[in-house]
Every structure is written in C-alpha cells, then in structure tokens.
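# Commentary on secondary and tertiary structure
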Amino acid sequence: MPKVPDEMQLLVDKHVRYIQSLDTRKDELEYWLTEHLRLNGLYWGLTALHLLRHADALPRKELLDFVFSCLHESGGFGAAPGHDAHMLYTVSGVQLLATLDAFDDLEARVQGGRQKIGKFIAGLQDPQTGTFAGDEWGEQDTRFLYGALNALSLMGLLHLVDVDKAVQHVHACANFDGGYGTSPGAESHSGQVFTCLGALTIAGRLDLVDQEKLGAWLSERQLKNGGLNGRPEKKEDVCYSWWVMSSMAMLDRLHWIDGDKLTSFILQCQDPELGGLADRPGDMVDVFHTVFGIAGLSLLKYPGLDEVDPVYCMPRSVTRRCLGK
Amino acid sequence: MVSAGPGRAKLQLLSYETLSQYFQAHEDEVVEIEILPPAIEPLGGILMQDGLNLGVPKKTLALAYVEARHRFFEGMHDSKLASSALQATKVMLLFDPEHLTAANFRKGWLGALEAEFKSYNPAVYHKALRQELCFLNSILTSPLHRQSKSPTLWYHRLWLLDLLASVELEKASEDQKATFWRAELTAVCKSGEQHPKNYYAWQYARRLMPKIVSPETNDEFARHVKDWCCRHPSDISGWSFLLSLLPRLHPVSKRQGLVRDILSYAINLRLEHESLWVFIRTILAQETLLGGRTEFDETLQNYNDDLGNAKKASAVSERVPRTLNWINTYREAIAVPKN
Ligand SMILES: [Zn+2]
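The rules behind each value
- Residues numbered from 1 in each chain as written.
- Chains lettered and ligands numbered in written order.
- Predicted model: local features only at pLDDT ≥ 70, side-chain atom pairs only at ≥ 80, totals over all residues.
- Heavy atoms only, no water.
- Helix = DSSP H or I, 4+ residues; strand = E, 2+ residues; numbered from the N terminus.
- Contact = heavy atoms within 4.5 Å.
- Areas by Shrake-Rupley, 256 points an atom, 1.4 Å probe, with all protein chains shown as cover.
- Lys, Arg positive; Asp, Glu negative; His and termini not counted.
- Charge placed at Lys NZ, Arg CZ, Asp CG, Glu CD.
- Buried area = accessible area lost by both parts, 1.4 Å probe.
- Salt bridge = Lys/Arg side-chain N within 4 Å of Asp/Glu carboxyl O.
- Polar contact = N/O pair within 3.5 Å; in protein donor to acceptor, adjacent residues only side chain to side chain.
- Nonpolar A, V, L, I, M, F, W, Y, C, P; charged D, E, K, R; others polar.
- Domains from an automatic or database assignment.
- Donors = N, O, S within 2.8 Å, 3.2 Å for Na, K, Ca; no water.
- Tetrahedral: all angles 85-135°; square planar, octahedral: opposite > 155°, others 65-115°.
- Buried < 20%, exposed > 50% of the residue type's maximum accessible area, 1.4 Å probe, protein only.
- 1 Å grid on protein atoms, 1.4 Å probe; cavity = no way out; pocket = protein on both sides within 12 Å on 5 of 7 lines; lining within 4 Å.
- Points joined across faces, edges and corners; volume = space filled by probe spheres on them.
- Phe/Tyr/Trp six-rings, centres within 6.5 Å; stacked < 30°, edge-to-face > 60°.
- Lys NZ or Arg CZ within 6 Å of the ring centre and 35° of its normal.

### Some details on the overall build of chain B
Assigned secondary structure in chain B consists of 15 helices and 3 strands. The C-alpha extent of chain B, read off along each of the three principal axes, is 75 × 50 × 30 Å. Sequence-distant contacts, at least 24 apart, represent 64% of the contacts inside chain B between residues at least 6 apart. Summing over all exposed atoms, chain B offers an accessible surface of approximately 15400 Å²; the carbon and sulfur share of this is 54%. Side chains of chain B give 40 positive and 39 negative charges; the mean places of these two sets differ by 3 Å.

If you want it as structure tokens, here you go:
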C-alpha cells in the first residue's frame, strides 16, 4: 500500500482519546465557556465514538447519571444541572437516551418519563402556525421544530403534536433562492436547510421540496479547496460537511458534491497530535466540529466508520432500533 | 484556571468587582468593549478604561466569569441574593452570550418589575428597560466576535423591545416612532459591521418589520439598507434582508428604482461578489415582485455580450452568464398583464 501522509488518514485512536479527555479539562477556559452546551457536547462526543466504532469508550452509567441530572420536573432538559430547560438540550437528552438504549432506564428512574418529555416538547408547539418555541420565553426557529420532530419520533410520540401544521410551516420557510431559513422569509442557511429537510423527511413530505433548485443551491456551497460553506461568501467550515451533505443525502444527490476533495479537506482539519477536528485546517479543535467532520466522512463512505443516519445525525443502527425501520 | 489558591481567589474577586463596577457606573450609557490579546497588559492588570471604551484582558474576563457564575448559581433561587445574581449575569453574558439561563434570569427580573411598577411607578420600570437596552447595545455592537452574532442576545433584545414599544410608542408622534425604529436598524448595521454576514442581527431586523406600520419607515429602511449593502457587497445577510424589504415598497416603481440602482452599481464597478449577484438573480427572476418583465434583462444581456467581447476572462465574465442562466431556469413569470 502506498504511504499516505498522516493527515490524509483518519486518526481514529487519537479522536477517541480526545473525546475521552473532554471531561477532565475543567481547568481550561474552554470548559467553562461551553457549560451552556454540556449536554449537547455529550451527544456530539458519544455519537462520534459510535461512528468511530468505539461505542464503549465512555462509561454508560456516568453518562446516564449526568443526563438524568439535567432533566427537569417539567420534562425538559437543561444544558447542565441548574440550567433552564430548552428544546435544544431536550433533543440532545433524548438522542443520548436513544443511543444508550436507555428508555427503560428512564422509566425506572422517572415514572412516565417518556410521556413527560413528550409533553414538554408538545407544549412548545404554536397552535396557530405549527412551529415550535425553544422554551417558555417564546423564541421560534425551525431548529426547534426539527428538534421536536426528531425527539418525538425517536420516542414514538409524534402523535402528540400537529405534524401537518408543522409541515405547512416548514413549507412556508422555503425561499425563492431554493434554500430555507429560520422562519418564513428568513435568510437561507445550510444549517436551516438541514433542519427543514430533516423535519420534512420525518414527516414523509419531501415531495414539497423543489429538489433540483435546492440541490443546486447546496452544490454552490463547495469551494475550490474542497470544503463547504453555509452561505454565499462564507468561509469553508467542517461542520457544513454535515449540514450540506446530510441535506444532499436526504435529496439523494450526494454525487453533486466532489467527495474526494471534501474528504481530503475534512482530514486536513484533524489535530495530528492530540486528536479532534477543527472548523478548518490549523484552528483549535472542538467536539462539535469533531462529530460533524466524522459524520460527514461517514456519509462519504470513508472506510472503517459506522453508517450515520442523515436525518438524525446518529448511528443508523440506533435509529433503526428506535424507529423500527 | 480553577486551580485553587488564595492568590487566585483574590484575583478572581478583584476581577469580578472591577468589571461589575464598570458596568454599574455606565448603566445608562452604551460602552464599547474589547477583549485584549495576551500581549496587551493594562497597568494594574485588571482593566483598560478610557471613558466609554473598555479593554478587558481575556484572563481577567475568565476570572471574573468564574466568580460571576458562582454568585449567580448561589443567588438565582434565593430572594436575598437575587440582586447579586442579577448583577453577575452581566459579566456572565459578556463572557458567554449563549448562557440561556443567565439571559432568562434577566427576563424574569424585568417581568417582575413590570408587574410591580408598571402602573404605580412607571418611571422605575421604564428606566430599567432603557438600561437593559444600553447593556445589550454595548455587547451586541462592540467588536466582540461571538457576542455580536449571539442568537440568545438578539432574541433577548426582541423580547425587550416589545416591552419598550408598549411603554414608549403608544402615545408617540410619527417622528418619535421613526426615531425609535431607526435606532434599532442602526444597532443592526453596526453589529453587522462588527461581525460580517451576521445572520441573527439581520434576522432581528426582519422580525422588526411586522411591527412597523409606517410606509415612510419602510422606505427609509430600504434606502438605508441598500446603501449599507453597496458598502458591503459581500454581505449576503444584508442583501437577503434587502430582498425581504422589497415587497413592502409601494408602488412597484420604487422597487424597480432600487433594483436599477443596484444593477448599475454592479455593472459600473464591474463587481463580482457572489452575494451581490445572488441578490440580482433572485430579484430579476421574480417578475411578480417587479411588476412584470423589466428592461433589466436586456441590461444584463448587453453587459454579458460586452464581457464576452472582452479579450481577458475575469471572475465577472463567469458570474454574469451564470446569473443569466439561473434567471432563465427559475424565472417566475407574471401571469397577468401589468396595469
Ligand atoms: Zn463550524
């Protein structure tokens, strides 16, 4: 086999060790700066480990203890103990429970726990427009709508909300340029495209999408260096390997992106010494870009990785178990 | 950072108190805050103050945050410590603008003030709302990279604005209303300069629009944003906001005038910015918005021909034919004759 430079291979062991080290870095600034993302961070780390085929690299019991310590009486999750509940944390909480196959653990600790979480989420739907707020303070965003359908479908509780109304709302977020935004008329953004397509896929309504036009908008996101950006004239960034590629996967148009060039861009974003991936080559790594880079590589069929579900950003084996398909 | 020790604890307290006192002293003013790189050390090691300009070394801010966080979680559920917790949230949000729990705590406090004071001592309540807006302006429009694009803080501002509008706009004259909205657009533009392509700042601007009823203010916004975009032609968020303003302009000739200006600007300066051309293709393909087929197609076609005749290929000479191609593919033709 020809010798490939290190940065052109996926440094699996280093990434595993990087993720394992995250919770031991309490003396670093970054740890405190990201406290509002603690639960999301666990979901990102655990998902990355599963895709890297090191599912057991984090201790299950400690993980679950932490997840349950973030659960409020209301059924919502906060980012960390003592933090307010919000949709974005609740989705991560549910995704963690699903990945750890822990819905029974939930019922054992909190009677009727699944229903409670489902009701928290359902209570955030706006009955007029079908969209969702993030919490009691009322901010609305397609990220929250997607999160609601994601978590409810994983728990088998979609019937708690008005899915048709939610679908209508997402449809109203389609822009003339082909993309989708946070609300009707809002700027198109690859991240928002992912949330809107994800919601429509869960609802089985991809027929509402102008797939050619959106696919063309997404394919314009690839830059000469192989990386993808989120919007016109933004810099390339590893996390868009996920938002754009998962959208392309849902549209069945992965081949509209040059996969070889993107693979090599993602691999260049690795920290060859300490592991982890950064937004672009040479920058500081973080767990967010680590999971989305690896998930992007999984969509690109990089060898040695588990299959990722483009709708949920979770191992396909997990979503198959939860959804029964 | 958390390696304990008496020296560090003292420094932590000092950092927090100095920063917190600065906020207290300037709670009626908009200040400009900058995080200093490690190479710049203020005399005395805490802050660099020059009137309304504040330089905070990253290390000071981090130390102050640890103290603020401690006071916040200690006081958030204890009414005796609530004011200390409230004060701490300012430092927390300066360090971590996505600290949802800290932002919510401030909302809860303002909500309680409303219930307590709105009817019998409205000045107290009103003053608190104005001070909150100063605080938000200071963080959202300072050269702080993460803070100026924070979805949490922009939503906090939108929430606050509804309270403020209900106090200030009910009996306001048209001029006062125009001034009120203009100040919001100014903050968005400034924040858009601190953080280019600032998605959440411009989304905030979009969410203001349904609250604005005056056609004059709509026109003023469109003019102002058009000029702003021409000064920042790579800013897709600005262009996208401008596009969303077009349907608010009446009659249709106003929209045509605006598009005509932008097209000649692009052509005269031979600009190739992708964002500008995305704006052009998106509006030209929507005949329904422009009141029917316009002369713009021909203008663009002629420009393309000129570029084709030029000997040297350039970025523009690729951009224009692709723009024409997109328009022809996705044109949404007007179904009824214009009248
Ligand atoms: Zn990124």
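Right, picking up where we left off after that structure.
### Observations regarding the interface of chain B and chain A
Taken together, the contact pairs 44 residues of chain B with 40 residues of chain A. Buried surface at the junction of chain B and chain A, summed over both partners, amounts to about 3700 Å²; 55% is from carbon and sulfur atoms. Among the residues of chain B in contact with chain A, Y199, E274 and Y330 of chain B are the three that bury the most area, contributing 17% of the side total. We note a salt bridge from R281 of chain B to E220 of chain A, for which the minimum N-O separation is 3.0 Å. Between chain B and chain A we count 23 residue pairs in polar contact (both at pLDDT 80 or more) in total. Elements represented by at least two residues in the side of chain B that touches chain A include exactly α2 (58–75), α4 (100–117), α6 (151–168), α8 (199–208), α10 (236–245), α12 (274–284) and α15 (315–330) of chain B. Of the residues contributing to the side of chain B that touches chain A, the split by class is 19 nonpolar, 13 polar and 12 charged.

### A short note on the domain arrangement of chain B
It is common to give the size of an interface as the accessible area lost on bringing the parts into contact. All names here are of chain B. Annotation of chain B at the domain level lists domain 1 (1–96), domain 2 (97–213) and domain 3 (214–339). Averaged C-alpha coordinates put domain 2 and domain 3 at centres separated by 32 Å. On the domain 3 side, the residues contacting the 19 residues of domain 2 number 21 residues. Interface area for domain 2 against domain 3, summed over the two sides, is near 1700 Å², with a carbon-plus-sulfur share of 63%. Counting across the interface, domain 2 meets domain 3 through 1 salt bridge. Linking R182 and E220 is a salt bridge whose minimum nitrogen-to-oxygen distance equals 2.6 Å. One can count 4 residue pairs in polar contact (both at pLDDT 80 or more) joining domain 2 with domain 3. Listed by contribution, the elements that provide at least two residues to the side of domain 2 that touches domain 3 are α7 (174–194) and α8. With 8 residues, α7 is the largest single contributor of residues to the side of domain 2 that touches domain 3.

### Let's talk about the coordination of the zinc ion
Residue and element names in this part refer to chain A. Taken together, the protein ligands of the zinc ion are D237 (OD), D237 (OD), C239 (SG) and H289 (NE2), with distances of 2.2 to 2.5 Å. Of note is the zinc ion, whose 4 donor atoms meet at the metal with angles of 56 to 117 degrees in an arrangement that counts as irregular. In the primary structure, the donors to the zinc ion are separated according to the pattern D-x1-C-x49-H. Taken as a pair, D237 in the loop between α11 (211–219) and α12 (239–250) and H289 in helix α14 (residues 287–299) lie far apart in primary sequence, 52 residues in all. Using a relative accessible area of 9% as the deciding quantity, one classes H289 as buried.

### Some remarks on the layout of surface pockets
For the second largest pocket, the calculated volume is near 840 Å³. Around the second largest pocket, the lining comprises 39 residues; the ones closest to its centre are S183, P184, G185 and A186 of chain A together with R206 of chain B. Of all the elements in the fold, those that place two or more residues in the lining of the second largest pocket are α6, α8, α10 and α12 of chain B. Take the lining of the second largest pocket: its biggest share by element is 5 residues, from α10 of chain B. Grouping the constituent residues of the lining of the second largest pocket by class yields 16 nonpolar, 15 polar and 8 charged. When residues of the lining of the second largest pocket are sorted by domain, at least three fall in each of domain 2 (97–213) and domain 3 (214–339) of chain B.

### Considering the pattern of salt bridges
Residues and elements named next belong to chain A. The full count for this structure, using the stated rule, is 35 salt bridges over all chains. Among the salt bridges present, the one from K116 reaches E73, with a minimum N-O distance of 2.9 Å. Taken as a pair, K116 in helix α7 (residues 113–122) and E73 in the loop between α4 (60–69) and α5 (87–99) lie far apart in primary sequence, 43 residues in all. Judged by its relative accessible area of 29%, K116 is partly exposed. Judged by relative accessible area, E73 falls into the exposed class, the value being 65%. Residue D207 pairs with R205 through a salt bridge whose shortest N-O separation is 2.9 Å. Overall, the relative accessible area of 31% leaves R205 in the partly exposed class.

### So, the packing of aromatic side chains
The geometry of an aromatic ring pair comes down to the distance between the two centres and the angle between the two planes. Counted under the stated rule, the structure contains 23 aromatic pairs over all chains. Stacked on the ring of F176 of chain A, the Lys or Arg K213 of chain A has its end atom at 3.9 Å from the ring centre.

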